[in-house]
Amino acid sequence: MGTSFTAAGLTDSTIEREEREIEILRAEDWERVRERILVIEESSFPPDLRYSAEDFQHDLSREGSRFLILKEREVIQGFLHALPLEELDYLSFDEEWGRGDTLYVVNIALMPDLRGRGGGSRLLRHLLETTPFVRYAARAVCPSSLRLFSGAGFRRDRVFPRWMGEHDGVYMICDKTL
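Outline the overall build of the protein, listing residues and values.
Within the protein, the secondary structure is distributed over four helices and eight strands. Taking all 178 residues of the protein together, 49% fall into the buried category. At a minimum sequence separation of 6, the contacts of the protein that also span at least 24 residues come to 67%.

Give a detailed account of the pattern of salt bridges, specifying residues and quantitative values.
Inspection of the entire model under this criterion finds 15 salt bridges. With a shortest N-O distance of 2.7 Å, Arg73 and Glu72 are connected by a salt bridge. Judged by relative accessible area, which is 13%, Glu72 ranks as buried. Residues participating in the shared-partner salt-bridge network are Glu23, Arg26, Glu28, Asp29, Arg32 and Lys71.

Describe the packing of aromatic side chains, and please don't skip the residues or the numbers.
Between two aromatic rings, the relevant description is the distance of the centres plus the angle of the planes. Inspection of the entire model under this criterion finds ten aromatic pairs. An aromatic cluster is present here, built from Trp30, Tyr51, Phe56, Phe67 and Phe79 joined pairwise through their rings.

Outline the pairing of strand β4 (residues 75-84), listing residues and values.
Taking burial as the measure, the ten residues of β4 include nine buried ones, the bulk of the element. As paired elements, strand β3 (residues 66-72) and β4 share seven bridges and run antiparallel to each other. The partner of Ile69 across the bridge, within β4, is Phe79. Remark: two residues form the turn of the hairpin made by β3 and β4, two consecutive strands paired antiparallel; Arg73 in that turn has positive phi of roughly 55 degrees.

Summarise the packing of helix α1 (residues 30-44) against helix α2 (residues 53-60); cite the residues concerned and give the values.
Look at α1 against α2: their axes get within 10 Å of each other, and the N-to-C directions meet at 125 degrees. Taken together, the axes of α1 and α2 lie oblique to each other. Note that α1 runs across α2; the crossing there is right-handed. Across the interface between the two elements, Trp30, Glu31, Arg34, Ile37, Leu38 and Glu41 from α1 touch Ala53, Phe56, Gln57 and Leu60 from α2. Split by residue class, the contact of α1 with α2 holds six nonpolar, one polar and three charged.

Go over α1, please, and point to the residues and values.
Bending of α1 peaks at approximately 30 degrees at the position of Arg36. Residues of α1 that are buried sit in contact with α2, β3, β4 and β5 (102-110).

Criteria and cut-off values
Residues numbered from 1 in each chain as written. Predicted model: local features only at pLDDT ≥ 70, side-chain atom pairs only at ≥ 80, totals over all residues. Heavy atoms only, no water. Helix = DSSP H or I, 4+ residues; strand = E, 2+ residues; numbered from the N terminus. Buried < 20%, exposed > 50% of the residue type's maximum accessible area, 1.4 Å probe, protein only. Contact = heavy atoms within 4.5 Å. Salt bridge = Lys/Arg side-chain N within 4 Å of Asp/Glu carboxyl O. Phe/Tyr/Trp six-rings, centres within 6.5 Å; stacked < 30°, edge-to-face > 60°. Pairing = 2+ DSSP bridges. Axes fitted to C-alpha atoms, helices over the stretch in contact; angles between N-to-C directions. Parallel < 35°, antiparallel > 145°, perpendicular 65-115°, else oblique. Left-handed = near helix turned anticlockwise from the far one by under 90°. Nonpolar A, V, L, I, M, F, W, Y, C, P; charged D, E, K, R; others polar. Bend = angle between axes of the 7 residues up to and from the residue.

That is the geometry; function is a separate question.
As structure tokens, this is what we get:
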């Protein structure tokens, strides 16, 4: 049994709530935000962990794709990208793979000046509160992502040494209580 999701564990910090807005990105909106998303991706991940424009566009067209954009004063400052677990063959080790009730958080990225100020928590909380899935999964590859997911009620399921090239990955699970 996994750890239960709790919105209380995720809080906004320095930036006033009303200055931040979350937008749901649709596939047809990709070209409008493409350059800014790629800048955020490049500022957030080493080259071997980055998604390309083609990767993002492909995932946006997949069944069940969720892509949230965080705006501050009308400027995109971050995003969260998630897909149903069964859409990702490389996660077939998960005992729940194929059931259709798990959403996998592929990517959360923020501009450097927004990190540690509640933006990632806000995106993750929005996803957990507004999607119909009962189970969530994610991979944490750095201490900050491990803290983010742990603070949202995710628990460590297993560790994969060198899961993504040079990077160890902690596979994390969260069960949403209704």
